[in-house]
Amino acid sequence: MFKIQTHYKVVAVFLFVLTISVLSGGKAHAATITVNTDTNPSTCTLDEAIENINAQATNNSDCVETGTYGDNDTISIPEGTVLLSATLPEISESLTIDGADINETIINGNDLGVIHTDEDGDNLNLSDLTIRNFNSIAIHASNTNLDIQRVEIDGTGGSVASGSSSAGIEAVARDGGTYNVSLEDVHLHDIPGSEVSTNPIDSGAQGGSTLNIIANRVTISNITDSSTNGVKGIIMGVGTFGSFDLTPGTIEASLSNITITDIDSEVGLSGGIVGIGVVNGGNANISVDTRNITITNIQSTSGAFGIAAAGMALGSNDTSNVNFNLTNDIIGASCVSQVYNVGPTPNGTHNLNMLSQGGNLSDDNTCKDYFTQDSDQNNVGNLASTLG
């Protein structure tokens, strides 16, 4: 009986202390700043709001926050256009940027850098807006939990810096931590072509990091480039980011209701979705579940594919595991599974698999070794007509 009473008293004291903590300010704080959308605003611009949140202080006095700066601050952008006059500051704190509507709130990059984070592992949430006319990369998130909802990324009018790749969304984990990327109701199109590579959604994990990706209702369309590395609609790479550091990493991805169409590389290889694990000194692990994916009109003079699993394990004790589970997908280009054999000879173990869960459709016979369920169909003539 004594033990029960003692436990009750301990719980009561704990709840009392917790209540006092909450009432005295132990709760999380959050500030909201509303920016102006004039083309030449006189007060509170987007870059000033980011500077204030980075500093957790009202350094720019014309951006007056409501609430108290904390770990969940918000920038609200009303209807209208934010026209950048300089590259936006790198984001160093957790931040939510909310627009009024995907069709009403526009960030015009004016051929400048737009949304970039630092390396500190914060949270970045974007919703209900359009980003246009950016330079090289619209959204770059490094070691960051990234959530994007109801966003259009339109590269029309943008350009790419010399020696840079281009992307609509670039997410990379490389500090050994685990990070999450969530994309829903996102449209990427007309991403400017690069002399290096053009990847509308470019994701990577290295340095022992893990990147978890969930994408639903995403459309990628109308991408053209002339680089030697070509265009890949969605690329998930371990050990490949930057200059191929070849360190271990893990990517777990769930892709559903994705449309990739009108991809054209004038020189390099074009593709819809690729997982590539390249490693020297450990394991590269990529696991991708796809459902209701449609990939059509992928073109290149160097060859085109719909889905590819590729790997290169250099050391004899290294392993590259790239696995796709495919359900109800429509692939209007080749299915490819191969060891990536460029440069040093890969001496490790390669487990590169594409496993059908049924209901898949392809327009040639390159997927027949993978689309083996009774409900799969291969070499369907006039796929466009079949799709209606």
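My aim in this report is to walk through the structure given alongside it, one point at a time. (Residues numbered from 1 in each chain as written. Predicted model: local features only at pLDDT ≥ 70, side-chain atom pairs only at ≥ 80, totals over all residues. Heavy atoms only, no water.)

**What about the environment of Glu79?**
By the secondary structure assignment, Glu79 is in the loop between strand E3 (73-76) and strand E4 (80-83). Relative accessible area serves as the criterion here: at 52%, Glu79 is assigned to the exposed category. Residues Glu79 and Ile102 lie 23 residues apart in sequence; the distance between their C-alpha atoms is 9.5 Å. (Helix = DSSP H or I, 4+ residues; strand = E, 2+ residues; numbered from the N terminus. Buried < 20%, exposed > 50% of the residue type's maximum accessible area, 1.4 Å probe, protein only.)

**A closer look at the pattern of salt bridges**
In total, this model carries five salt bridges according to the counting rule given. Its salt-bridge partner being Arg150, residue Asp128 comes within 2.6 Å of it at the nearest N-O pair. Separated by 22 residues along the polypeptide, Asp128 in strand E8 (residues 123-134) and Arg150 in strand E10 (residues 145-154) bring together distant segments of the chain. On the accessibility criterion, Asp128 (16% relative accessible area) is buried. Here Asp185 makes a salt bridge to Arg217, at a shortest N to O gap of 2.6 Å. You can see Asp185 sitting in strand E12 (residues 178-189) and its partner Arg217 sitting in strand E14 (residues 209-225), a full 32 residues away along the chain. Its relative accessible area of 27% is what places Asp185 among the partly exposed residues. Among the residues examined, Arg217 registers a relative accessible area of 39% and is labelled partly exposed. Shared partners join several salt bridges into a network, and the residues in it are Glu184, Asp185 and Arg217. (Salt bridge = Lys/Arg side-chain N within 4 Å of Asp/Glu carboxyl O.)

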